[in-house]
Structures are given as structure tokens and as C-alpha cells.
There are 2 protein chains.
Amino acid sequence: MSVRHTGVTTAATIGPVVSCGEEHEDCGIREVLDRLGDKWSVLVVVELAQGIRRFRQLQRAVPGISQRMLTLTVRRLERDGLVSRTVHPTVPPQVEYELTPMGHSLTHLVKTLADWSAEHRDPIARARREWDAEHPGSGIR
Amino acid sequence: MSVRHTGVTTAATIGPVVSCGEEHEDCGIREVLDRLGDKWSVLVVVELAQGIRRFRQLQRAVPGISQRMLTLTVRRLERDGLVSRTVHPTVPPQVEYELTPMGHSLTHLVKTLADWSAEHRDPIARARREWDAEHPGSGIR
DNA sequence: CAGTATCCTTAATGATACTG
DNA sequence: CAGTATCATTAAGGATACTG
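Residues numbered from 1 in each chain as written. Chains lettered and ligands numbered in written order. Predicted model: local features only at pLDDT ≥ 70, side-chain atom pairs only at ≥ 80, totals over all residues. Heavy atoms only, no water.

Participant: Could you clarify how one ought to interpret the sheet that holds strand S5 (residues 94-99) of chain A in this entry?
Facilitator: Read from one edge to the other, the open sheet built from 3 strands follows the order S3-S5-S4 (chain A), with strand pairing classed as antiparallel. A strand with exactly one partner marks an edge of an open sheet, and here the two such strands are strand S3 (53-54) and strand S4 (83-88) of chain A. (Pairing = 2+ DSSP bridges. Helix = DSSP H or I, 4+ residues; strand = E, 2+ residues; numbered from the N terminus.)

Participant: For this particular structure, what's the right way to read the protein's contact with DNA strand D?
Facilitator: The full set close to DNA strand D counts 20 residues, and A:Lys39, B:Arg56, B:Gln67, B:Arg85 and B:Tyr97 are the nearest of them. The share of sugar and phosphate among atoms of DNA strand D within 4 Å of the protein is 60%. Here A:Lys39 contributes a side-chain N or O atom positioned 2.6 Å from a phosphate oxygen of DNA strand D. Mapped by element, the contributors of at least two residues to the surface near DNA strand D are helix H4 (67-79) of chain A together with helix H3 (55-61), helix H4 (67-79) and strand S3 (94-99) of chain B. Residue contributions to the surface near DNA strand D peak at 4 residues, all from H4(B). (Near = heavy atom within 4 Å. Polar contact = N/O pair within 3.5 Å; in protein donor to acceptor, adjacent residues only side chain to side chain.)

Participant: What is the right way to read the pattern of salt bridges from this model?
Facilitator: Opposite charge on two side chains permits pairing when their charged atoms draw close. Applying the stated rule across the entire model yields 18 salt bridges over all chains. The shortest N-O distance in the salt bridge between A:Asp80 and A:Arg35 comes to 2.8 Å. Taken as a pair, A:Asp80 in the loop between H4 and S4 and A:Arg35 in helix H1 (residues 29-36) lie far apart in primary sequence, 45 residues in all. When sorted by exposure, A:Asp80 lands in the same class as A:Arg35, which is buried. Close ionic contact of B:Asp132 with A:Arg79 constitutes a salt bridge, the shortest N to O distance being 2.7 Å. One end of the pair, B:Asp132, is in helix H5 (residues 101-134); the other, A:Arg79, is in helix H4, on a second chain. Sharing partners across several salt bridges, the network here consists of A:Arg35, A:Asp38, A:Asp80 and B:Arg128. (Salt bridge = Lys/Arg side-chain N within 4 Å of Asp/Glu carboxyl O. Buried < 20%, exposed > 50% of the residue type's maximum accessible area, 1.4 Å probe, protein only.)

Participant: It is not clear to me how the protein's contact with DNA strand C should be interpreted in this structure. Could you clarify?
Facilitator: Taken together, 20 residues surround DNA strand C, and among them A:Gln67, A:Arg85, A:Tyr97, B:Lys39 and B:Arg68 come closest. Within 4 Å of the protein, the contacting atoms of DNA strand C are drawn from sugar and phosphate to the extent of 60%. Separating a phosphate oxygen of DNA strand C from a side-chain N or O atom of A:Arg85 is a distance of 2.6 Å. Between DNA strand C and the protein, one listed contact pairs a phosphate oxygen with a backbone N or O atom of A:Val95 at 3.4 Å. Of all the secondary structure elements, the ones that give two or more residues to the surface near DNA strand C are helix H3 (55-61), H4 and S5 of chain A together with H4 of chain B. Broken down by element, the residue count for the surface near DNA strand C peaks at 4 residues, all from H4(A).

Next up, the structure:
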């Protein structure tokens, strides 16, 4: 409830405006971004959206992720209640990861993210090329 | 924009889940997250969603941000075509920042993010407390 | 297989001083 | 006011070796 629509017409602003009001500086958005904003969480969530996966399966499905980072990523997702971890005491050991209901609700958000990304990918790439051309050696990236 | 809630999604079935297929490993989502995932971008965007802001205004509106990080943040947003920067050659200098149309479209995404955050803030906090209680000294955070 | 434990490199952020 | 330039500090991520 930390974000409200306001009809603020401070400038020539048309359309819905996001506002945090005075309660918190960040509407709590940062708590989500602190999880999704890292390098691997979204990729793991997307893979788990397809179904239950074992550790090695996940690692193969997310090319480039190290064993260490996969462990850290699934642990943090588990800690947040987004992923469940089930250990089968077999030999060799078998551990299954699965999205929780809350984790599944997250996939809708990720889809929104993906849609926006797809829609603005090209414009952003173009803006970057133009900016870089106009600001050579700026060091900004 | 419209996020569809499908209720219980059995993981093994072909549902309206997020899929990247084989085209890219990340659906391009990472490109957005690489910008929004940092510590300050979202906060700056949220503030600019209220209207045009000058540099110092922005800094006061985003408590805790350093001059350096504000500069880096607005430069990167400008580079991506999300924010426009207008310099008025006055004394003292006056520089105005404003969301571009693409920047405004971003605020819809941020709102979706904020909504999800607000809705799951408490469950996540509870999940963390429980996990931490069950895994003392794990080092995970 | 599913991890831990170390060590190392790089990226991100912060603090401070200075300038047109 | 609106920055830049430096230096210091953390945090994130990667490489590799080892284990129940």
C-alpha cells in the first residue's frame, strides 16, 4: 500500500504517476530488487517456473552459473519463502527445488518485467548508441 | 501491464508460466534489471515521476544518496533514454531532469513492482525470520 | 550428486576535496 | 548549483579444491 496513484499535475504529466508519499523512501521496492536484482535469481526463478528441478539440472539450465552462486541463489530464494527445498536421503543424494505459491506469484511479476524488456529493448539500445556517440570517453556505462 | 493470476499452477503442466525458450538465456530481463537493480535508480525514477526536478532537488528527495551516485545514476538513466537532461546556462547553473516518455512507461513497471512488494512484504519477512531461526549461523543473507 | 570452504578479482558504493 | 576527481571501503561474483 505504499504506492498510490495521484493526480499530481505539477508539470505536463499525463498518465499514472508512482508516488511513495512520505512513509518510506523506497515503498519497499528495494526489498524485492535486492533479491531479483542480482545476477542469477531471475534466471533460476524462470527455470523453476517450468517445474521441479534438481541441483545439477538447475545448473545446466542456467549456463554460466557457478556451483557456489547457484547454492547462494537458491538458499536466498528459499530463505525468502519463494523456493522450497526437498532432500531425498538417497545415494547419491537428491535435492529438489520447487517454487512455492509465493514464488509462482513472482513469475507474473517477472513476466511483466520480460514484457517491458522486450518492448523497450531496441529503443534503449539505440539510445545508448546515440549517447555513447555524443559522449565519447565519458566512462559512463 | 495486466498481470493475470491463474491461481494454483501445477508445475509439471504447460501453464502460462514464464519461458525463455532457447532464444536467450535471460529473455533480455537482465538488461532492465541491470539498470533498475542498482541501489538508486528506482528511487530517482519514482521521484521524477512526480515531475521535473533539479539536481539538488533530486538529491534532497532521495535521502542518503551521495552527489557522486546521483550523478552516475541520472547519467545512466539519461544514456538509456529514460531521462532527459536540460541545461540552462544561467548563473548559478540550473539543470533539469525529467522522465522521457519511455521513462514514464517505466513507472508502470515500477508500480507493478511496488504492488508485489507491498503484497508480499510481510510473508517474506516472516519466511526470513523462520529460516534464520532454523539455520543459525548459516551466513546466508 | 549436492554441496562447503578458500582465495581472489572486480564491480558498486561511499567519503571527501575541489571547480566552472 | 551542479558537478568532477580521487581515494577508500564493501559487496558481489568467480575459480578451484575438497567432502558426505
